[in-house]
Amino acid sequence: MPFDYQVLKVLHILLVMVWLGTDIATMAAFFGLLNPRFALTTRLAMSRLSDLMDMGPRSALVLLLMLGIYLTYRGEWGLSGPLGAPIAAASALIGVLWFGGVWHQYLVGHGRLVGPRHQAFQRGFRLFDLWWRTILSLVLAAAAAVSLLGQGGPVAAVWLSLKLILFAGIVLLGVYLRVLIPQIGAAVSVIVKHGSDPEREAALRRPAWRAIVAVWGIWVLIAAIVYLAVAKL
Ligand code: HEM
């Protein structure tokens, strides 16, 4: 196994650890936000912590895909045609830009980057990002399905095709979370403005529990992906 491959594979595995570790922290802080027995200032501090921790999975998803595509090419698990190298290079470039956009979104959303140009960019990026993730997941799943059916697809290994289909599922659950987050934000704003009461707490809990179940679904998919990657079925 070439040295660069070993190093990138180690990074790939470390990113899985970063993903799960920070996702657990995100979840713990999120439960703090939902708890009506805490003071409002505590709940808002929990919310900020949850958002910061959430940058772990958000970053890891982009970097895992980028590294995964490179490992696929370099390890000859797929992308064997003349387009293999250009696809690996293009995915690295797109990954860097996407990673930048995701962090820009966090910095603008939390008031660390201010100004009308940053905000205008983020309004466009938010919509673009939702569509991009939806299309990307369909393309990944389609490429994997074509490969599994033996129709000359880009992936040579069955385990990797199955992994890509599950990964596409994770990306789609992420899109669902992005639809729920503004609903959660709106419910929190109502509580901040008018105070807590059982009805307002229930309005917060509804989208919040949908998000929690979606994240649990992501964890199940990650466990299945790790199994596929290790067992190489
Ligand atoms: C949630 C997402 C992912 C998780 C949890 C994950 C997990 C892992 C793990 C644990 C390994 C190490 C397996 C071993 O050493 O036996 C691995 C290797 C690998 N992954 Fe991923 N991965 C993910 C996404 C991806 C994606 C999207 C791709 C492809 C586009 C990919 C391609 C690969 C490749 C090619 C290897 C190297 C296999 C080897 O040389 O043993 N991974 N992955």
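In this report, we go over the structure that sits alongside the text. (Residues numbered from 1 in each chain as written. Predicted model: local features only at pLDDT ≥ 70, side-chain atom pairs only at ≥ 80, totals over all residues. Heavy atoms only, no water.)

**Remarks on the packing of helix H1 (residues 3–34) against helix H3 (residues 55–74)**
The following threshold applies: What counts as an axis is a line fitted to C-alpha atoms, over the stretch in contact for a helix, and the angles between N-to-C directions run from 0 to 180 degrees. We count a stretch as a helix when DSSP gives it H or I for four or more residues in a row; a strand needs E for two or more, and each element gets its number in order from the N terminus. Small angles under 35 degrees read as roughly parallel and large ones over 145 as roughly antiparallel, with 65 to 115 read as roughly perpendicular and the rest as oblique. If you view the pair so one helix is near and one far, a crossing is left-handed when the near helix is turned anticlockwise from the far one by less than a right angle, and right-handed when it is turned clockwise. The contact criterion used throughout is that any non-hydrogen atoms of two residues lie within 4.5 Å. Basically, the charged four are Asp, Glu, Lys and Arg, the nonpolar ten are Ala, Val, Leu, Ile, Met, Phe, Trp, Tyr, Cys and Pro, and anything else, Gly included, counts as polar.
Across the interface, H1 lies against H3 with an axial gap of 9 Å and an inter-helix angle of 155°. The orientation of H1 with respect to H3, classified from their angle, is roughly antiparallel. Crossing hand, H1 versus H3: left-handed. Only Gly56, Pro57, Ala60, Leu61, Leu63, Leu64, Leu67, Gly68, Tyr70, Leu71 and Arg74 of H3 make contact with H1, whose side of the interface consists of Asp4, Tyr5, Leu8, Lys9, Leu11, His12, Leu15, Val16, Val18, Trp19, Thr22 and Asp23. Across the contact of H1 with H3, the residue classes break down as 15 nonpolar, 4 polar and 4 charged.

**Let's talk about the coordination of the iron atom of the ligand**
We apply this condition: Counted as donors are the N, O and S atoms within 2.8 Å of the metal, or 3.2 Å for Na, K and Ca, while water is not among the atoms, so some sites may look incomplete. In these descriptions, tetrahedral denotes four donors with every angle between 85 and 135 degrees, square planar four donors and octahedral six donors with opposite donors over 155 degrees apart and the rest between 65 and 115, and irregular any other case. The buried label applies to any residue whose accessible area, calculated with a 1.4 Å probe on protein chains only, is under 20% of its type's maximum; exposed applies above 50%, and partly exposed to all values in between.
Only His12 (NE2) and Lys163 (NZ) from the protein reach the iron atom of the ligand as donors, at distances of 1.8 to 2.1 Å. If you look at the iron atom of the ligand, its 6 donor atoms make angles of 84 to 177° with each other, and the shape they trace is octahedral. Note that His12 is positioned in helix H1 and Lys163 in helix H6 (residues 158–194), a separation of 151 residues in sequence. Across the pair, exposure class does not vary: His12 and Lys163 are buried alike.

**Looking at a nonpolar patch on the surface**
The condition that has to hold: A patch consists of residues exposed above 30% relative accessible area that lack any salt bridge, with like charges linked at up to 9 Å and nonpolar side chains (Val, Leu, Ile, Met, Phe, Trp, Tyr) linked at up to 5 Å. Values of accessible area rely on a 1.4 Å probe in the Shrake-Rupley scheme; residue burial ignores everything except the protein chains shown. Definition used for salt bridges: Asp or Glu carboxyl oxygen within 4 Å of a side-chain nitrogen of Lys or Arg.
On the surface, Phe3, Val7, Val10, Leu11, Ile13, Leu14 and Met17 cluster together into a nonpolar patch covering about 680 Å² of accessible area. Along the chain, Val7 falls in helix H1.

**Considering the site of the ligand**
Formally: For this description, a residue counts as near a given molecule or strand if any of its non-hydrogen atoms is within 4 Å of it. We define a polar contact as two N or O atoms separated by no more than 3.5 Å, with the added condition that, inside protein, one atom must be a possible hydrogen donor and the other a possible acceptor, whereas residues neighbouring each other in sequence contribute only through side-chain atom pairs.
Inspection of the region around the ligand gives 25 residues, with Tyr5, Lys9, His12, Lys163 and Lys232 positioned closest. Measuring from an oxygen atom of the ligand, one finds a side-chain N or O atom of Lys9 at 2.6 Å. His12 is positioned such that a nitrogen or oxygen atom in its side chain is 2.9 Å from a nitrogen atom of the ligand. Going through the elements one at a time, H1, H3, H6 and helix H7 (198–231) are the ones with two or more residues in the shell around the ligand. For the shell around the ligand, the residue count by class is 19 nonpolar, 3 polar and 3 charged.

**Details of the pattern of salt bridges**
Taken as a whole, this structure holds 6 salt bridges when the rule is applied. A salt bridge links Arg200 to Asp197; the nearest nitrogen and oxygen atoms lie 3.7 Å apart. Salt bridges linked by common partners bring Asp129, Arg133 and Arg178 together as one network.

**Some points on the side chain of Ser50**
In this fold, Ser50 is placed in helix H2 (residues 40–53). With sequence-adjacent residues up to four places away left out, Ser50 is seen in contact with Thr26, Ala29 and Phe30.

**Things to note about the nonpolar core**
One broad rule of soluble globular proteins: the nonpolar side chains tend to lie buried together. Test applied: Residues belong to one nonpolar core when they are buried, are Ala, Val, Leu, Ile, Met, Phe, Trp, Tyr or Cys, and are joined through side-chain atoms within 4.5 Å.
With 47 residues, the main nonpolar core has Trp19, Trp98 and Ile170 as its most contacted residues. Of all the secondary-structure elements, those providing two or more residues to this core are H1, H3, helix H4 (84–109), helix H5 (116–148), H6 and H7. Sorting elements by how many residues they give to this core places H6 first, with 12 residues. Discounting residues that sit within four places of it in the chain, Trp19 has contacts with Pro57, Ala60, Leu61, Leu64, Ile170, Ile218 and Ile222.

**Regarding the packing of aromatic side chains**
Keep this limit in mind: Two rings belonging to Phe, Tyr or Trp (six-membered ring only in the last case) form a pair when the distance between their centres is within 6.5 Å. Interplanar angles under 30 degrees mark stacking, angles over 60 mark edge-to-face geometry, and anything in between is tilted.
Under the definition given, this model contains 8 aromatic pairs. When the centroid spacing of 5.6 Å and the interplanar angle of 85° are considered together, the rings of Trp98 and Trp132 count as edge-to-face. Pair noted here: Trp98 is in helix H4 and Trp132 is in helix H5, with a separation of 34 residues, a long-range link. What links up through ring pairs into an aromatic cluster is the set Trp98, Phe121, Phe125, Phe128 and Trp132.

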